[in-house]
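Survey of secondary and tertiary structure
Here are the chains, one letter per residue:
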Amino acid sequence: MPPRNTDTDPVEDLLTTDEAETSVRRDEKPIVVPTQIVWRNFFWLALLHVGSVYALFGVTWKCHWYTLIWALFLYIWGGLGVTAGSHRLWAHRTYQAKFPLRVFLALGQTSAFQNDIYEWCRDHRVHHKFSETDADPHNASRGFFFSHVGWLLVRKHPNVKVKGAGVDVSDLLKDPVVYLQNRYYIPLMFLLCFIVPTAVPVFYWGESAWNAFYVAGLLRYCLILNATWLVNSVAHIWGMHPYDDQINPSENPLVSTFALGEGWHNYHHAFPSDYRTGEFGWRINLTTMFIDVMAFVGQAYDRKLVSTDIVLKRAKRTGDGSRFK
Ligand SMILES: [Zn+2]
Ligand SMILES: [Zn+2]
């Protein structure tokens with residue numbers, strides 16, 4: 001079945017920023033809270049980054065090249081688990097997926113260790129609804145560092161919880177795949193993020209456990225994390241605004257390269273129900289390519305997209321003009 005236009009069949013989109021909500025928010029007195037560092041997260045993330053720098057400069061050049069290919073495979077699998085899985089499938093419901101594809105994506109998402117699908121989607125829906133306010137978990141108006149990683153190092157702003165409570169996430173745990181992943185998340189995560197990535201090179205091509213752990217485990221994990229964070233930081237700060245000039249999210253090809261197509265962020269915030277998260281299909285968008293291939297083999301269906309006509313009208317009305325240059 002070809003992708004379906006959402007302008008002829010409007011999907012009720014609870015994820016776009018609500019204008020009434022925005023005007024109320026602007027009049028509100030901001031709650032000022034002292035920044036409270038979560039030392040446990042600080043310690044683990046610092047250790048991960050130090051280990052990854054060591055892996056990059058001290059291990060990658062001496063490990064078996066199969067290990068590098070394996071790390072790249074895990075990067076793409078984990079990346080797709082996040083982009084095609086928790087983001088486009090579960091958080092935004094931009095398409096439907098059959099059981100085998102949902103399992104493949106959920107396992108990939110687990111290997112990327114970015115919280116379980118339920119929590120990931122809850123944070124993401126709150127991010128869309130309350131973008132660049134205190135209720136946005138990675139509020140980019142607090143600067144590059146906060147939106148990139150700082151938000152994970154400090155206690156959440158109270159508004160994230162208070163306002164986030166109003167965002168509907170009741171659909172998520174109804175999917176048995178999401179439910180089971182949520183229930184067994186910790187052991188599954190250890191298995192898929194660290195144990196399997198290390199064990200495969202050791203058993204199949206005699207790599208040392210040390211090399212396998214540092215390259216396919218730590219370094220690969222650290223790179224996926226940073227690629228995902230780039231969407232929240234760089235793609236909320238730098239780039240053009242062809243579709244909506246009034247919002248921070250921007251079009252950033254570099255972010256799209258590392259984040260498998262998630263850098264077309266001005267488009268995505270303007271049209272969050274479009275499964276392509278960008279206007280131009282497969283252009284620097286491995287995730288759209290993957291979903292289309294899955295649709296071709298019958299695993300993905302009901303892909304929703306916005307027609308070019310509607311996109312151009314919106315770009316003309318609210319864009320910065322760069323769409324027509
Ligand atoms: Zn999104
Ligand atoms: Zn965003």
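What counts and how
- Residues numbered from 1 in each chain as written.
- Chains lettered and ligands numbered in written order.
- Predicted model: local features only at pLDDT ≥ 70, side-chain atom pairs only at ≥ 80, totals over all residues.
- Heavy atoms only, no water.
- Axes fitted to C-alpha atoms, helices over the stretch in contact; angles between N-to-C directions.
- Helix = DSSP H or I, 4+ residues; strand = E, 2+ residues; numbered from the N terminus.
- Left-handed = near helix turned anticlockwise from the far one by under 90°.
- Contact = heavy atoms within 4.5 Å.
- Nonpolar A, V, L, I, M, F, W, Y, C, P; charged D, E, K, R; others polar.
- 1 Å grid on protein atoms, 1.4 Å probe; cavity = no way out; pocket = protein on both sides within 12 Å on 5 of 7 lines; lining within 4 Å.
- Points joined across faces, edges and corners; volume = space filled by probe spheres on them.
- Donors = N, O, S within 2.8 Å, 3.2 Å for Na, K, Ca; no water.
- Buried < 20%, exposed > 50% of the residue type's maximum accessible area, 1.4 Å probe, protein only.

1. Some points on the packing of helix α3 (residues 65–91) against helix α4 (residues 99–111)
The N-to-C vectors of α3 and α4 enclose an angle of 115°; their axes lie 7 Å apart at closest approach. For α3 against α4, the interelement crossing comes out left-handed. Between α3 and α4, the contacting residues are Trp77, Gly78, Leu80, Gly81, Val82, Ala84, Gly85, Ser86, Leu89 and Trp90 on the first element and Arg102, Phe104, Leu105, Ala106, Leu107, Gly108, Gln109 and Ser111 on the second. For the contact of α3 with α4, the per-class residue count stands at 10 nonpolar, seven polar and one charged.

2. Considering empty space enclosed by the protein
The method is simple in principle: a probe with the dimensions of a water molecule rolls over the atoms, and the space it marks as empty is what remains. Within this structure, the stated rule accounts for two cavities of 30 Å³ or more. Quantified by volume, the largest cavity comes out at close to 80 Å³. Forming the boundary of the largest cavity are 13 residues, of which Pro137, Arg142, Phe146, Lys156 and His157 lie nearest the centre. Class assignment of the residues belonging to the lining of the largest cavity gives a composition of five nonpolar, three polar and five charged. What the second largest cavity holds in volume is close to 50 Å³. Lining the second largest cavity are Tyr243, Glu251, Trp264, Gly278, Glu279, Phe280, Gly281, Arg283 and Asn285. Among the residues forming the lining of the second largest cavity, the class breakdown is three nonpolar, three polar and three charged.

3. What about the coordination of the zinc ion (ligand 2)?
Only His127 (NE2), His236 (NE2), His265 (NE2) and His269 (NE2) from the protein reach the zinc ion (ligand 2) as donors, at distances of 2.1 to 2.2 Å. Coordination of the zinc ion (ligand 2) draws on donor residues from a single chain, spaced H-x108-H-x28-H-x3-H in sequence. For the pair the zinc ion (ligand 2) and the zinc ion (ligand 1), the metal-to-metal distance amounts to 5.9 Å. On the criterion of sequence distance, the pair formed by His127 in helix α5 (residues 117–129) and His269 in helix α12 (residues 265–270) is long-range, its members being 142 residues apart. On the accessibility criterion, His127 (0% relative accessible area) is buried. Looking at His269, the relative accessible area reads 11%, which means it is buried.

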